[in-house]
Amino acid sequence: MNAPLEGPTVGRVTFRAVVAQNYTVPPPGGGSSVDMADPLSNAVDMNANLQAPVGTGGPVTDASGVNFSVTALGSAAKSIYAITDSTGAVTIDPTPAQRIIAPGDLVTYRLTVNLGTADAAGFLLRDFLPLPVFNATTIAKPVGFSNAATAIPPAAGEIAFGPSHTLPAVGLFRDTGAPFDPAADLVVSNDPASNAVTFDFGDFDQPAGSNPYTIDLLFTVRATDRPFADGLTLTNVGQAQLQNSLLAIFTATNTVQVQLRQPDLALTKGVVGASNGNAVFDPVPIGPVTFAPPGSAGAPFTGNITSAALATTPIDSNVDDVDAADLVRFAIVLENTGGKDGFDILVRDTLPVGFVLPGGGTQLQVTRGDGTALAFAGDLFGAGLTVTDPLTEGAIRGEAGRATGANVIVVTYDLALANNVTATTTYENDAELLYYAAGEGGNNFVFAGGPFDDTAAVQIADPTGAKSLAGTDRTFTTDPNVAIGEIATYRLTVTVPEGVTGALTFVDDIPNGMRFVPGSVVVDGT
């Protein structure tokens, strides 16, 4: 170094350092192992004395360094591993278009984390499930839960390690030195307030090396039948979390969505027929199909009653100009605009004052809009009529029946107007939907959505009158011309509807130039 000056000299010291498995001094977080996300640094401390001509030399120092950290969380993913529908059909790795669920379906969620090293502290997975469709408190470790990786979706409320799981069951240890078994030591807890489930692995360390591993966790939840809006997209949030040796928290968050389909029923009611040929309906037409007349048996209508047809021609008419003993046919229409079938339908009607049950029967029938007759039980005018669900589907179909009208139910029946109905009076007949569910024995959806009741009105005809000149007592005049002193006889014809017409009064305004002939009134009532 004391040779004659020939320009600056450059020196490079290259060395390799291996990150130790353990700290020589315990870190603030406790434990001794070097864990994922731990910050590390390397600094140089160099001192030299620069030799130069007199007056220009001096000391030289270098305290530079580099900071780095142990691999934190690798890739973390949240996905839907499988959907199992109510028939037991399983769809593995459903595409976004296939992520459509209904009440009772099973959804298997997947949490996958790639670990750069099997040295972790405070490691956990947490999943936030959307209310009210999923209940996080149902999830627990099943009896016999093991470290075996499986491609089979776990049962409802259970967990399993998925097909990509590689975290070993042996060779891992706690900071205390005790062996760590992922399946045995995993703690599953539930938080009802946030509807979350936590899978807590705690701390673990691999003293014999630092190999990368994958944690692949599956858990299955059942979609509840709680009333909820049809067609909404539900977001599920998954989170991976760990803590380094300095107590800093690191998280990775991912989301996945499913669409929920539910039944969504509404009720309308209208008059679809009357035995009186003078009946006037409003609005017209009374519906999108031709209805059989009151009193008739057999199919209540011809054609298909679909949602598209009801949108342009609803069944919601009232009727006028009927009278006592007339038969009136009503139709209660239930339409399901939701995506899934409706079950356990209970509908009730009233038998109001002014109506009686016909002597020939009500001809009560329950029919889908596609013409399929449905069985029923109960009393429509009492506690209600229950529509019987077929074995493999709901009585009222969802989206699958929209094109044919299977998503529509029509309840048709006849009533007779009582003999004592009063002219000009309007009698209202109310119907209401009391119950429907998303599955057999499910929760009542009537408390959400609607409308669930409607009224059809029947108005009794008004009395009508017509006045005409019946003749005169002179032959030399030509009606309607009369001479002074000639007597003209007028006829007033009043038609009253069948039933009761009260306080009927006849008033004739006699014009100037004429006078009433006493005793000339003759009443002929037929």
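Rules behind the numbers
- Residues numbered from 1 in each chain as written.
- Predicted model: local features only at pLDDT ≥ 70, side-chain atom pairs only at ≥ 80, totals over all residues.
- Heavy atoms only, no water.
- Helix = DSSP H or I, 4+ residues; strand = E, 2+ residues; numbered from the N terminus.
- Contact = heavy atoms within 4.5 Å.
- Areas by Shrake-Rupley, 256 points an atom, 1.4 Å probe, with all protein chains shown as cover.
- Pairing = 2+ DSSP bridges.
- Axes fitted to C-alpha atoms, helices over the stretch in contact; angles between N-to-C directions.
- 1 Å grid on protein atoms, 1.4 Å probe; cavity = no way out; pocket = protein on both sides within 12 Å on 5 of 7 lines; lining within 4 Å.
- Points joined across faces, edges and corners; volume = space filled by probe spheres on them.
- Nonpolar A, V, L, I, M, F, W, Y, C, P; charged D, E, K, R; others polar.
- Salt bridge = Lys/Arg side-chain N within 4 Å of Asp/Glu carboxyl O.
- Buried < 20%, exposed > 50% of the residue type's maximum accessible area, 1.4 Å probe, protein only.
- Patch = residues over 30% accessible without salt bridge, like charges linked within 9 Å, V, L, I, M, F, W, Y side chains within 5 Å.
- Phe/Tyr/Trp six-rings, centres within 6.5 Å; stacked < 30°, edge-to-face > 60°.
- Core = buried A, V, L, I, M, F, W, Y, C linked by side-chain atoms within 4.5 Å.

### A short note on the overall build of the protein
The helix and strand inventory of the protein stands at two helices and 31 strands. A fraction of 74% describes how many contacts in the protein between residues 6 or more apart in sequence connect residues 24 or more apart. Summed over all atoms, the accessible surface of the protein reaches about 26,900 Å², with 55% contributed by carbon and sulfur.

### Comments concerning the sheet that holds strand β15 (residues 249-260)
Taken together, the six strands give an open sheet; going across it, the order is β7-β15-β14-β9-β12-β11, and neighbouring strands pair in mixed fashion. Only two strands of the sheet have a single neighbouring strand rather than two, namely β7 (100-101) and β11 (187-191). Pairing of β11 with strand β12 (residues 196-204), which is carried by five bridges, proceeds in the antiparallel orientation. Each residue of the ladder has a partner; that of N190, found in β12, is V197.

### Looking at the sheet that holds strand β22 (residues 343-349)
Here seven strands make up an open sheet; going across it, the order is β17-β20-β29-β28-β22-β26-β25 and the pairing mixed. Among the strands making up the open sheet, the edge pair consists of β17 (280-282) and β25 (376-379). Within this sheet the neighbouring strands show an average axis-to-axis angle of 20°, counted without direction. By the bridge criterion, two bridges tie β22 to strand β26 (residues 384-387) in an arrangement that is antiparallel. In the sheet register, V347 faces β26, and the bridge partner there is L385.

### Focus: the environment of I286
Mapping I286 onto the fold places it in the loop between β17 and β18 (290-291). Considering only alpha carbons, one finds I286 and S317, 31 residues apart in sequence, at a separation of 5.7 Å. In contact with I286, other than residues within four places in its own chain, are V271, V272, F281, F291, P314, I315, D316 and S317.

### Things to note about unusual backbone geometry
For the bond running from D282 to P283, omega is 5°, close enough to zero to count as cis. Mapped onto the fold, P283 is located in the loop between β17 and β18. With an omega of 10°, the peptide bond running from D479 to P480 counts as cis. Relative to the helices and strands, P480 is located in the loop between β30 (464-472) and β31 (488-495). Positive phi is not limited to glycine here, since A325 has a value of about 75°. Among the secondary structure elements, A325 is positioned in the loop between β20 (318-322) and β21 (327-336).

### Thoughts on the layout of surface pockets
As a volume, the largest pocket reaches approximately 1,500 Å³. Secondary-structure elements contributing two or more residues to the lining of the largest pocket are β30 and β31. Per element, the largest residue contribution to the lining of the largest pocket is eight residues, and it comes from β31. When grouped by side-chain class, the residues that make up the lining of the largest pocket number 20 nonpolar, eight polar and seven charged.

### Comments concerning the pattern of salt bridges
Applying the stated criterion to the full structure yields twelve salt bridges. In this structure, the salt-bridge partner of D414 is R329, at a minimum N-O distance of 2.6 Å. Highlighted residues: D414 in strand β27 (residues 408-417) and R329 in strand β21, separated in sequence by 85 residues. Per residue, the accessibility class of D414 equals that of R329, and both read buried. Linking E432 and R348 is a salt bridge whose minimum nitrogen-to-oxygen distance equals 2.7 Å.

### Some points on empty space enclosed by the protein
All told, the structure shown has one cavity of 30 Å³ or more when counted by the stated rule. By volume, the largest cavity amounts to about 60 Å³. For the largest cavity, the full set of lining residues is A76, A77, K78, L111, T112, V113, L125, G238, Q239, A240, A252 and N254. Going through the elements one at a time, β5 (73-84), β8 (106-115), β14 (233-243) and β15 are the ones with two or more residues in the lining of the largest cavity.

### A short note on a nonpolar patch on the surface
There is a patch of nonpolar side chains on the surface, built from Y490, I510, M514, F516, V521 and V523 and spanning about 640 Å² of accessible area. If you trace the backbone, F516 turns up in the segment after β31. Overall, F516 belongs to the partly exposed group, its relative accessible area being 45%.

### Considerations on the pairing of β25
Pairing geometry for β25 and β26, over four bridges, is antiparallel. Residue F376 lies in a different strand from β26, and its bridge partner there is V387. Linking two consecutive strands that pair antiparallel, namely β25 and β26, is a turn of four residues.

### Focus: the side chain of Q239
You can see Q239 is positioned in strand β14. Residue classification places Q239 among the buried positions, given a relative accessible area of 17%. With residues up to four places along the chain from it excluded, the contact list for Q239 reads L124, L125, R126, T251, A252 and T253.

### Examining the packing of aromatic side chains
Scanning the entire structure with this criterion turns up 14 aromatic pairs. Arranged with centres 5.8 Å apart and planes meeting at 70°, the rings of F330 and F355 form a pair that is edge-to-face. Highlighted residues: F330 in strand β21 and F355 in strand β23 (residues 355-356), separated in sequence by 25 residues. Ring centres of F381 and Y413 lie 5.5 Å apart, and the angle between their planes is 80°; this geometry places the pair in the edge-to-face category.

### Focus: the environment of F452
For F452, the position within the fold is in the loop between β28 (426-437) and β29 (453-460). Along the backbone, F452 and L434 are 18 residues apart, and their C-alpha atoms lie at a distance of 7.6 Å. Each residue touching F452, except ones within four places of it in the same chain, is listed here: L265, L267, A431, E432, L433, Y436, F445 and V446.

### With respect to the nonpolar core
In terms of nonpolar packing, the biggest core is built from 43 residues, with Y109, F123, L125, F199, F201 and F204 touching the most fellow members. Secondary-structure elements contributing two or more residues to this core are β5, β8, β9 (120-128), β10 (159-161), β12, β13 (213-222), β14 and β15. Setting aside residues up to four positions removed in sequence, F201 forms contacts with F123, L124, L125, F161, R174, F180, L186 and I215. Listed in part, the 40 residues of the second largest apolar core include I345, F355, L385 and L433.

Read these as geometric descriptors, not functional statements.
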